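So you can see what is in the structure, the chains are spelled out below.
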Number of protein chains: 2
Amino acid sequence: MPNPTLFTEMDTLQQDGDELEWKESARWVKFEEKVEDGGERWSKPHVSTLSLHSLFELRTCLQTGTVVLDLEGYSLPQIVDEIIERQIDEGMLSPDLREKISFVLLRKHRHQTKKPIHRSLADMGKASGGGARECPSALWSRMAIGIPIHIIVLPMNKFMKKIPRDAEASNVLVGEVDFLDKPFVAFVRLAQATTLGGLTEVPVPTRFLFILLGPTGKAKSYNQIGRAIATLMVDDLFSDVAYKARDREDLIAGIDEFLDEVIVLPPGEWDPKIRIEPPKKVPTADKRKSVYSLNELGQPNGTAGGSGGHAEDEEMPVAHELGEELAHTGRFCGGLFLDIKRKLPWFPSDFYEGFHIQSISAVLFIYLGCITNAITFGGLLGDATDNYQGVMESFLGTALSGTVFCMFSGQPLIILSSTGPILIFEKLLFEFSKNNGIDYMELRLWIGIHSCIQCFLLVATDASYIIKYMTRFTEEGFSSLISFIFISDAIKKMMGSFKYYPINTDFKPDYVTAYKCECLPCLSPSPYSSTSKTLNITDLDWSQLSKKECVKYGGSLVGNTCKYVPDLALMSFILFFGTYSMTVSLKKFKFSRYFPTKLRKLISDFSIFMAIMTFVGLDRLIGLKTPKLIVPTEFKPTRPDRGWIVLPFGKNPWWVYLASFVPALLVTILIFMDQQISAVIVNRKENKLRKGCGYHLDLFWVGVLMAVCSFLGLPWYVAATVISIAHIDSLKMESESSAPGEQPQFLGVREQRLTGILVFVLTGVSIFLAPILQFIPMPVLYGVFLYMGVASLSGIQVYTFSFWERIKLYMMPSKYQPDFPFLRHVPLRRVHLFTLVQIICLTVLWVLKSTVLAILFPVMILGLLVVRKMLDMVFSQHDLAWIDDILPGKDKKDKKKKGDKDDTKKKDKKKGRADDSKDKVRNVKIYCHQLADLEQKKPC
Amino acid sequence: MPNPTLFTEMDTLQQDGDELEWKESARWVKFEEKVEDGGERWSKPHVSTLSLHSLFELRTCLQTGTVVLDLEGYSLPQIVDEIIERQIDEGMLSPDLREKISFVLLRKHRHQTKKPIHRSLADMGKASGGGARECPSALWSRMAIGIPIHIIVLPMNKFMKKIPRDAEASNVLVGEVDFLDKPFVAFVRLAQATTLGGLTEVPVPTRFLFILLGPTGKAKSYNQIGRAIATLMVDDLFSDVAYKARDREDLIAGIDEFLDEVIVLPPGEWDPKIRIEPPKKVPTADKRKSVYSLNELGQPNGTAGGSGGHAEDEEMPVAHELGEELAHTGRFCGGLFLDIKRKLPWFPSDFYEGFHIQSISAVLFIYLGCITNAITFGGLLGDATDNYQGVMESFLGTALSGTVFCMFSGQPLIILSSTGPILIFEKLLFEFSKNNGIDYMELRLWIGIHSCIQCFLLVATDASYIIKYMTRFTEEGFSSLISFIFISDAIKKMMGSFKYYPINTDFKPDYVTAYKCECLPCLSPSPYSSTSKTLNITDLDWSQLSKKECVKYGGSLVGNTCKYVPDLALMSFILFFGTYSMTVSLKKFKFSRYFPTKLRKLISDFSIFMAIMTFVGLDRLIGLKTPKLIVPTEFKPTRPDRGWIVLPFGKNPWWVYLASFVPALLVTILIFMDQQISAVIVNRKENKLRKGCGYHLDLFWVGVLMAVCSFLGLPWYVAATVISIAHIDSLKMESESSAPGEQPQFLGVREQRLTGILVFVLTGVSIFLAPILQFIPMPVLYGVFLYMGVASLSGIQVYTFSFWERIKLYMMPSKYQPDFPFLRHVPLRRVHLFTLVQIICLTVLWVLKSTVLAILFPVMILGLLVVRKMLDMVFSQHDLAWIDDILPGKDKKDKKKKGDKDDTKKKDKKKGRADDSKDKVRNVKIYCHQLADLEQKKPC
């Protein structure tokens, strides 16, 4: 059983007016917090920087002072008596000092809390009849009775939350008194942790007590010794020693172990006044243990020379492991069944774990992303297919596919959406059908059916296993490309405003009278204005017609303002840029110093929502007619001549049903690659998902939805990388910091199905939300798009190796580059070369993507895999392990074998060391004593 | 004479293919730079974190190895031979190892440089006939001859710049060899620093040599020992010991001194793999010396408890010292003469020190600020005085006063400008004159003359000394107020765009045909349109008239667009906000990691210029008629009926000449306070000015200029706080970092007269610059104004105590607050209270300033002084010393007396300590040896 966590409080003896009292001066949960000089403030938690000196002095103190282990103590006065008796018995203390020391030690304790919440020890003494039991009737005794000390349990304060429930306290008391001529030292371990009245700031029972009283003039030195023992007490390994020590020697050995591990900063290179912020991560006790017993592995930062490679190997990044999800079972549907088996136990938790405030912001964020996407793609699809699939179909399809997928898929964090390649395919298909007199919807249905069957085949044969060849190289290439497309689309759409609402740059305010736009009747009706014929043109009041009506009735617009629209373009830009910048700033707010953590986290989580609200408000306030989000309000197909069900037979010749197998193959490859690579990105190990994934199950449902959507005449859907990453990003969990100063750790993602389902249900009912949604200007949503693209490009905080970070390195002189682990191990020019290859690949993909070849997109991803394979010839496996991953089958066996050998070696060594380490450390004690002697200020 | 700086290089023995070679693995100028694993990269400079262990091992090494001090060495082979002989003589080495060790030690050295620039040792040996002199004819000898080593001086590389000219090198060689069974250790100090061929990366002569060869299997341990000695060698105190050591014992004592000072990090709270960035400041060797000899003062960060107050006192901020500049001489014009005496010697350097690239950016920045100010105030003054003083006068006055002041004043960094209080005074004065039939210009001239005389009186009596009562409290109150006014003016002017160019928010793009604005003739000519009478109204083509003409000829504007101006307001906003944000971002760019420091500094220095250029470009690109900067182009008074000289007599009755004494008094107080408080802010000690200031001289010139401007009918000028701060900010100097990793320090300000003079000469010739200046949109300049206000509010980097920082504290939970020194010493609630008082004062001032009471502004500043005086009753002097300054005469004597006593005490102590420290440290050596023994891995 592990030992309880120790909370350490250090109190120093202070003169408060006439009275002596013990004043809390520092505390340690894991890091040190000091009471600042004013006495009203806790310092920030910081790493305790000690002087070597004080550690040696402490060592001497423990050698010469009283060490009582497993004392049966129930109250402070009794414990103090016990210690004093022992010292007197051993001749270390003159009996006439008994009273005085007891008096000092039982002085009131004043803690660093706001209100005085102590009752006096005397009260307790009276109540239990214990405190005053053995007190002689001297002056000292009477004073001792007056010692105030609290026994009521302190109100649970905020700080208590930072201390584990099972914690025990160690109390350090140091002070200088005028009646001693040599120090009085005691280290006590109680047999049972006991609440000793007001000794401790928090209601945690005391287990250890360290007392150091000494002659005046050395307060600083005593303080340092107190800090040293306090720091030791919160050290994982030393506290273990303290709990298990059988005698004084064990404690000394513990100090020596500690000393052997300490990190030393040269005095000329560091100012001891600087408080060192707690590091992001500290070595675990286990690791330190092994370091200690295998001293060669203890490798301080600057280890010069690389001759001894053991330690380096140890920190090598773990090989690319995709786990059993992608094993090739060789059985029919083996992978699918495993997926179901894996995911089924999590199914209930996938729902109840969704209830969290964070989910709300995630739903809002992703919902807005989804409907923007649905509207954009809906509009484009409508254009491409002559409204056979329009905005209405897009909404319905998104809602249906999304809900089903999030409900049953292997990875419900993935968000389905229309994607570019599919759009291009539909466009080509529609043109082909139109030109060849083939019914588009029926052809499409058959392609969907074939594709669905092909997906099932891929699922049944565990074909998804091939994606284990996708390393970070491929993932980054793909996701960067998609991010770039997102960013460029957002900017393009924004710039579109300047095209739709041209600005009249020649406008001169003074010549406002010269600007007009009139609708003049065309005297000779143009042949195409058919409607005008039916109306009596002369009946019209032409000047009252709007622009559209004017054109409709064949009028012509005459004037110098006709083609201009004032303000809208600039306003759109302000809304777009404002939304983006505000989201970025609010997201960053989490890392600012203002306001409590929780509020900041909330602001950061809801940054997008707040930015949207702000700029929707601004838009309303100014009241310009900026383009707004318009969702369909009626439930009917966009094209009036089509129904909700596409029938499979009747319109095309029979051979079309078979021939559609060929285009279906393209669609299948397209869907397979798009879907699975997004899934790989979502399932990256950096996301710390614990519920596993299900590539086969995902593909199965994508196939099913293909067929269903084809029958309903809805668009096809696959995983959307950028929105899925945004989904994960908005569901990230961080640990609440435990000990003060400990950095919160990324724990993983709130994996559940609820947010996804809600997003798509909301998408479905958007028809009814139209009255609310119509206030949202489109430029605001483009701003959100821009944010999504940029955020997914720069990656979530966890990926420090990312492509984007490496691109930045190009612009940094090497001395300013961040201390990335891979830079310590891979030469910069190799890193740059690798990045360059990625940039070239990306450029090629980008160029191809902009042409009609985009339909071969999935093949290009395969191309990326080939490029990566070729990189094996250019880069060493060592370098690739750091900047990419090692391909399966490469060097794995070798590595493993080596690892095994190392292991056994280590074990042997460990054993040998462990045997003699005991003896060794026991003897080191000699120095300290001498050091103290020599420096002629031995406090002990 | 101080010892030369030591550059330390550590080489480790490596197997390169078949050959052994010494490979550079780390180097130290002050901090450690390590060769990264790939061997192609220097790590960032970092604090060397050592293990205590390695220090003890090093100690043992020096105790047991060969220590040769003041060896007469001229070449590496000779030195190596010498060492080996000694070891053999002392029986520490078996003679048959002689050849092998010599062979290993003379292997080629490979440095961390790009190109191979070494010539072989053999060449050198042949040339000097030395290298091979004593070589026996054995196999080893022949090999030794083949050792390549360079003798040519390395080309001066960038790194050389970081090493002081007089530096010497210490070389550390460590490695493991298979033929030794116990380590071979040598520490050599050469009698003369000698360039030992290719031993060192840079052409620095070697003074020290540390060699450690040992049996295989302990490379890591040897490396650590090597790092330990290297770190010691660059330690200021130890290197001193190393240079002066008489024997081995001295070196050991040096290590012990070092050990006694080291800072220890507990292994459980720090990960040794983290490289610690060099701190901003390290304790100087002198300080450390005193710490060492007075151990009680060595106070690591967390000193718990405040009982020992000595050390605290030591770091107390120095009392508010304004220096001799403000002493009350008691002699007639005593202060003025002292000012002239002080400034005169600097006069030549005030010019030649202005030649620097930074000056260009400063001139551009301040010039733009000045002309914007001149135009704004010129316009306002013109309105207020019916164009008696208009934009032209404003330009001329600014140019004249500024040039004269910058040329002759005591503090040429101060920029003169029109200020708000003066503007209000002129307004009131003009109204008074008009209503009472008094000639304004003549009255103003007499007020100017009286005021000038009054200023001379103040100068002659050293009256400026009273401003020594202005502490940070007053300065901050004043400068914050001025900054707020700047910010609010900038925003107000920006928002004015929305008023001047109203947006038609009802515009519906489709109804473009419905929008027009027509000029219709008024059938009954209005009585005030006098011009229309002279024209035949019917002759006019009314529809061709511009807005202004239409109004002029009495037409009426009819239509729904007449009062709207499209796009300009939004465009102005984009320009305003864009200029501001871009300036802020570019300023911050200095702290980014991209691009080399110099380029970043350049970008940061020219940030305002670049932002202005960008947005001027954008404005040109879009081509909208945004309001532009229009400067006068003709040299003539704004009002045609006035000349350039105002005559003193003739227009007003005689008593006016005398009575103007009274308003002059108000002007004098106003000018005195405005001028001197700005001067105090400019002369703050944080700005590290070294050429002194001259309050009396400044006031003298302000008085002279008052009179001159009054005669010429130009506005009056005083010091402008915000622009002066911007001036200083743009002239800040930072040290080039010397050792790699050392942080650049703020050195001071480029104090000279050139930039100021140039700014005002440019202002004068702006009339000819009109063709260029007319491209600058006003909103861009308002953006610059906003930046100036915000920058002067948040203060220059140096002032970490600033008002603004303290306001931010209100919003920070205390645990996130930065570790400001004053927070360590003053309770937070006291800090908050102090800030609150400032906020209240500021609010009151702000409110008063917005009313006509603004003319009493100088009196309000006196009010601030009174408030500050009263704070002495609320706050302790200790608290005030930290968050403000102590008023003159307060507690000064006490402090001084105490300081004296402390000094003598310190000296005594120091002496006593110094005597016994020698003996003490000499004895500490015992431990290390034992430690090494016990841990059974003694490498020595």
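Residues numbered from 1 in each chain as written. Chains lettered and ligands numbered in written order. Predicted model: local features only at pLDDT ≥ 70, side-chain atom pairs only at ≥ 80, totals over all residues. Heavy atoms only, no water.

Per an unreviewed UniProt entry, chain A carries the name Anion exchange protein and comes from Salmo trutta. Annotation of chain A in UniProt includes, under Sequence similarities (unreviewed entry), the sentence "Belongs to the anion exchanger (TC 2.A.31) family." (UniProt positions renumbered as here; feature names shortened; annotations may be inferred.)

(A) Just the state of the cysteines, in detail. Applying the stated criterion across every chain, the model contains 4 disulfides over all chains. Covalently, A:Cys519 is tied to A:Cys550 through a disulfide, its sulfur atoms 1.9 Å apart. Across the S-S bond linking A:Cys519 and A:Cys550, the dihedral sits near 95 degrees, which makes this disulfide right-handed. In this pair, A:Cys519 is assigned in strand β12 (residues 518-520) and A:Cys550 in helix α19 (residues 547-552), connecting sequence segments 31 residues apart. By relative accessible area, A:Cys519 is classed as buried at 5%. Here A:Cys333 is not cross-linked by a disulfide; its sulfur's nearest cysteine counterpart is in A:Cys452, at 13 Å. Look at A:Cys333 and you get buried, because its relative accessible area is 11%. Not engaged in a disulfide, the cysteine B:Cys370 finds its nearest cysteine sulfur in B:Cys406; these two sulfurs lie 8.7 Å apart. Owing to a relative accessible area of 3%, B:Cys370 belongs among the buried residues under this scheme. (Disulfide = S-S within 2.5 Å. Helix = DSSP H or I, 4+ residues; strand = E, 2+ residues; numbered from the N terminus. Buried < 20%, exposed > 50% of the residue type's maximum accessible area, 1.4 Å probe, protein only.)

(B) Broad picture of the pattern of salt bridges. Evaluated as defined, the whole model comprises 54 salt bridges over all chains. Between B:Lys108 and B:Glu21 there is a salt bridge; the shortest N-O distance is 3.7 Å. Placement of B:Lys108 in the loop between α3 (98-105) and β6 (109-110) and of B:Glu21 in strand β2 (residues 19-28) is noted, with a sequence separation of 87 residues between them. Since its relative accessible area comes to 25%, B:Lys108 is described here as partly exposed. Between B:Glu426 and B:Arg444 there is a salt bridge, with the nearest N and O atoms lying 2.9 Å from each other. Here B:Glu426 is found in helix α15 (residues 420-436), whereas its partner B:Arg444 is found in helix α16 (residues 440-460), with 18 residues between them in sequence. Residue B:Glu426 is classed as buried on the basis of its relative accessible area of 0%. Through salt bridges with shared partners, a single ionic network connects A:Asp350, A:Glu353, A:Arg690, A:Lys691 and A:Arg753. (Salt bridge = Lys/Arg side-chain N within 4 Å of Asp/Glu carboxyl O.)

(C) How the structure looks around the packing of helix α15 (residues 420-436) of chain A against helix α16 (residues 440-460) of chain A. All names here are of chain A. Interhelical geometry of α15 versus α16 gives an angle of 130 degrees and a closest axis separation of 9 Å. Relative to α16, the element α15 lies oblique. Handedness of the α15/α16 crossing: right-handed. Where α15 abuts α16, its residues Phe425, Glu426, Leu429, Phe430, Phe432 and Ser433 lie against Tyr440, Leu443, Arg444 and Ile447. (Axes fitted to C-alpha atoms, helices over the stretch in contact; angles between N-to-C directions. Parallel < 35°, antiparallel > 145°, perpendicular 65-115°, else oblique. Left-handed = near helix turned anticlockwise from the far one by under 90°. Contact = heavy atoms within 4.5 Å.)

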